[in-house]
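Descriptive structure summary
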Amino acid sequence: MSSIAERAAEAQSAGAPKRLIVLFTHYGCLTNRWFPKKSHGELTAADYEATTLKHLAPYAKKLLMPRGIRAMNEWSFGRTHGQNNDPHGQVMGSYFTCYPVTPESDKFNAKSTGRSLDHIAAEQVNPNGAAPLVMQIGGVRQDSFSNFSYDQPKQIFPGIGSPTTIYNNLTGLFGQGSTMSPDTYKVVRGKSVIDVVREDIETLERVNMSQADKQRLSDWKDLLHQTTNTVRAQCSAAQAEALGLTAQSVQAASQGGGLGTDLSKCTNVMMDLAVLSAICDQNRVIFMKFPGTVTFKWDGINHSKDSHGISHRIGNANMGGDCLPGVIEMIQEIDDWYAKKFAYLVGRLDSIDEGDGKLLDNTATVWFQEDSDGNSHNLNNLPILQAGSCGGYFKVGQAVNVEGGKADLAVGNSEGACGPGQTTLDFAAIDGTGTPPDVATQPINKYFCNLLNAIGVKAGADGFPAIGGTQEVTHFGKHDDTKLFVSETNPVSIKDPGEFKTLRANG
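Scoring rules and cut-offs
Residues numbered from 1 in each chain as written. Predicted model: local features only at pLDDT ≥ 70, side-chain atom pairs only at ≥ 80, totals over all residues. Heavy atoms only, no water. 1 Å grid on protein atoms, 1.4 Å probe; cavity = no way out; pocket = protein on both sides within 12 Å on 5 of 7 lines; lining within 4 Å. Points joined across faces, edges and corners; volume = space filled by probe spheres on them. Helix = DSSP H or I, 4+ residues; strand = E, 2+ residues; numbered from the N terminus. Nonpolar A, V, L, I, M, F, W, Y, C, P; charged D, E, K, R; others polar. Axes fitted to C-alpha atoms, helices over the stretch in contact; angles between N-to-C directions. Parallel < 35°, antiparallel > 145°, perpendicular 65-115°, else oblique. Left-handed = near helix turned anticlockwise from the far one by under 90°. Contact = heavy atoms within 4.5 Å. Polar contact = N/O pair within 3.5 Å; in protein donor to acceptor, adjacent residues only side chain to side chain. Disulfide = S-S within 2.5 Å. Buried < 20%, exposed > 50% of the residue type's maximum accessible area, 1.4 Å probe, protein only. Pairing = 2+ DSSP bridges. Expected span 1.5 Å × (residues − 1).

The next thing to look at is empty space enclosed by the protein. What the rule picks out here adds up to two cavities of 30 Å³ or more. In this model, the largest cavity occupies a volume close to 140 Å³. Taken together, 15 residues make up the lining of the largest cavity; nearest its centre are Tyr27, Gly28, Ser311, Ile331 and Ile334. Counting residues per element, the ones that place at least two in the lining of the largest cavity are helix H14 (307–311) and helix H15 (327–349). Top contributing element to the lining of the largest cavity by residue count: H15, with four residues.

This paragraph deals with the layout of surface pockets. The space that makes up the second largest pocket amounts to roughly 290 Å³. A class-by-class count of the residues in the lining of the second largest pocket yields eight nonpolar, eight polar and five charged.

It is the contact of helix H6 (residues 163–171) with helix H13 (residues 267–279), at a shortest axis distance of 10 Å, that shows an interaxial angle of 20 degrees. With respect to their mutual orientation, H6 and H13 come out roughly parallel. Viewed along their axes, H6 and H13 form a crossing whose handedness is left-handed. When H6 is examined against H13, the residues Pro163, Ile166, Tyr167 and Leu170 are found in contact with a partner set consisting of Val269, Met270, Leu273, Leu276 and Ser277.

Counting through the fold element by element, Glu123 comes out in helix H5 (residues 117–125). As for Glu123 and Ala466, which are separated by 343 residues in sequence, their C-alpha atoms are 9.5 Å apart. Apart from residues lying up to four places away in sequence, Glu123 is in contact with Arg115, Gly129, Ala130 and Ile467. A polar atom in the side chain of Glu123 sits 3.0 Å from the side chain of Arg115.

Under the criterion given, the structure shown has two disulfides. Covalently, Cys235 is tied to Cys280 through a disulfide, its sulfur atoms 2.2 Å apart. Its S-S torsion of approximately 100 degrees makes the covalent link between Cys235 and Cys280 right-handed. You can see Cys235 sitting in the loop between helix H10 (211–227) and helix H11 (237–242) and its partner Cys280 sitting in the loop between H13 and strand S10 (285–289), a full 45 residues away along the chain. Exposure remark for Cys235: the relative accessible area of 1% places this residue in the buried category.

In this structure, the amide linkage connecting Thr102 to the following residue, Pro103, adopts the cis form with an omega of -5 degrees. With respect to the helices and strands, the residue Pro103 is situated in the loop between strand S5 (101–102) and strand S6 (111–112). Positioned with a positive phi, Asp281 is a non-glycine residue whose angle comes to about 55 degrees. For Asp281, the location among the structural elements is in the loop between H13 and S10. Positioned with a positive phi, Cys418 is a non-glycine residue whose angle comes to about 60 degrees. Looking at where Cys418 falls in the secondary structure, it is placed in the loop between strand S16 (398–401) and strand S17 (424–425). Cys418 gets classed as buried once you look at its relative accessible area, which sits at 6%.

In terms of burial, strand S3 (residues 63–67) is a largely internal element, five of the five residues being buried. Because side chains alternate across S3, one face comprises the buried residues Leu63, Met65 and Arg67, and the other comprises Leu64 and Pro66, equally buried. Here S3 pairs with strand S15 (residues 385–387) via two bridges, running antiparallel. Bridged to Leu64 within S15 is Gln386. Sheet topology note: the S3/S16 ladder contains four bridges and is parallel. Paired with Leu64 across the two strands is Gln398, which belongs to S16.

Before going further, it helps to examine H13. With 13 residues, H13 should reach 18 Å at 1.5 Å per residue; the first-to-last C-alpha distance of 19 Å fits that figure. Summarising burial for H13: 12 of the 13 residues are buried, a large majority. Every buried residue belonging to H13 is among Thr267, Val269, Met270, Met271, Asp272, Leu273, Ala274, Val275, Leu276, Ser277, Ala278 and Ile279, and all of these are buried. Once H13 ends, the next one or two residues include Asp281, with phi positive near 55 degrees.

See below:
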């Protein structure tokens, strides 16, 4: 009985677990086609249907579009908004850490000096503090240009690129070839812990004990009720098969790899594995990313240049030169394909019953993009789309301009580079495309605080996430001002602590 107090301190709140599921894509988008015209207020299916996000229109009531956010450590002409390492490497290293990269003198090996959001979240909310599930769709890339996950400063966490590996880790949860105990199996199949130990409880209740011990036993029963009311019956081979996940389908999706991978063969399977991981509560922090520098030759797309070169408008990684004919429509095809895949993920999550709603309702499922416009590499006016309220924490069915104004934000000038009638992209004009640098500049750190608080991460007295903390998270990263990243020696400075209260359902 003396252990009851300790167990109570570690108990999860009643109800389904809250989860963070992230999808990440490289090189931004055509922002003027991606964003709905309205940047604050209700967004209906019709608002989405007029944009690249038309595939998400059926889920309009469950979507949240945070507007006005800037990511950290932007490469810029004249070194005014971040380090002078590389337009992609420094952004990837800083994206989910909000720390500078080092050494700045080595663009190919510079790594973040801080830990990333996925690990900071997982160590508090995952069962036993397990590492996040980081899924590299199309195979693992080891370089700093392709990775955003850091379990320790300067230490890339590459994650998993093989669907087979993820599938094999999951099948043990529903009894295929596992050696789990009968009681554990009962719990996995949906029985509550209190059902499993009912006979033991009834035996204890017949023992002659003090009133204090009787109260402790009653408290223990209450604790079991509070911590085990999430149904797990769907964590089964039958559910896996309902998602199309069999040993054969997973093996087929695991073939190949590398830059020439046909992403159409593995993406849906990887997303279904993410959904099954959530159903089985194997992981509450799931980050998926698409590779950079791929050549789209599937699902009716047949590009001759890779996605990086297309984002630069000229077919290669240089800045400025002859426009690639038809490049704007090539970018649109890529944007459209990614939107379809995010819609697939959202639809899968919304098809699974959980508690009084759907699996989607208990998550914050977020599509993040590396840049806003892939030509200017700007990080302000970042395209972000969230699905799910995370158990009622977030507003849904609307866009929220976190800069505070209700006037519509600019949607950017992505077609100002190699748009209609243009044959040459002047190097000097690159920085003028995208979105002006003084528009939509609220720090992404604050949104990360929202996400951490929504899934139950706690902070120490200083507001930074900390194991054993008791406060809401108000601080994340090293800096929330991209201009401070110009020197990695600048001291820690969070100028605007707290989350975006306007994103909360009660905000």
